[in-house]
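# Tertiary structure, described
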Amino acid sequence: MAPMISQTASAFAGKLQISDPKRSVKTRAQMRIVAQKPAVASEFRSMSNEDIDKEVETIKRSLFDLRIKKATRQEFKSSDFKFYKKKVATLLTVKRENEIAQGISKRESRALNRSTSVRGSKF
């Protein structure tokens, strides 16, 4: 069977494309990239506080990079801001839950955070 010639109304408007009817043609909606899956607290409960601190630091660095991309008008996914912020909040919540289980008071926790500077990070 000979390939069909069709004209599309996408970014290639005005150009002819040769498509094979045996191949499935996907629309933009079908080709949409699935967003990152949301962070679930149960995934982080097995992590130690040091691992949580490292993860928070890398995520805050990613948020910083996103802000730089936004300021320099580079391409970025705006939904990543919400995703990363929620992930940081989930990690810090799990960290605090671990501290409560260990019997660390709120005051001691804040002193520990200041000394390790997780929240006071430059990012």
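Because the structure is predicted, anything quoted here is derived from the model rather than measured.

## Observations concerning the packing of helix α2 (residues 49-71) against helix α3 (residues 79-102)
The contact between α2 and α3 brings their axes to 10 Å, and the two run at 160°. The orientation of α2 with respect to α3, classified from their angle, is roughly antiparallel. Considering only the axes of α2 and α3, their crossing is left-handed. For the contact of α2 with α3, the per-class residue count stands at eleven nonpolar, four polar and ten charged.

## Here's the deal with α3
Look at α3: 35 Å from first C-alpha to last across 24 residues, which is about the 34 Å you get at 1.5 Å a residue. Following α3 by one or two positions, G103 adopts a phi angle in the positive range, close to 85°.

## Remarks on the nonpolar core
Within the largest apolar cluster, 13 residues are counted, with the highest numbers of intra-cluster contacts made by I52, V56, I59, Y84, V88 and L91. Mapped by element, the contributors of at least two residues to this core are α2 and α3. Looking at which element gives the most residues to this core, the answer is α3, with seven residues. Not counting chain neighbours up to four residues away, the residues in contact with L91 comprise F44, M47, I52, E55, V56 and I59.

Conventions and cut-offs
- Residues numbered from 1 in each chain as written.
- Predicted model: local features only at pLDDT ≥ 70, side-chain atom pairs only at ≥ 80, totals over all residues.
- Heavy atoms only, no water.
- Axes fitted to C-alpha atoms, helices over the stretch in contact; angles between N-to-C directions.
- Helix = DSSP H or I, 4+ residues; strand = E, 2+ residues; numbered from the N terminus.
- Parallel < 35°, antiparallel > 145°, perpendicular 65-115°, else oblique.
- Left-handed = near helix turned anticlockwise from the far one by under 90°.
- Nonpolar A, V, L, I, M, F, W, Y, C, P; charged D, E, K, R; others polar.
- Expected span 1.5 Å × (residues − 1).
- Core = buried A, V, L, I, M, F, W, Y, C linked by side-chain atoms within 4.5 Å.
- Buried < 20%, exposed > 50% of the residue type's maximum accessible area, 1.4 Å probe, protein only.
- Contact = heavy atoms within 4.5 Å.

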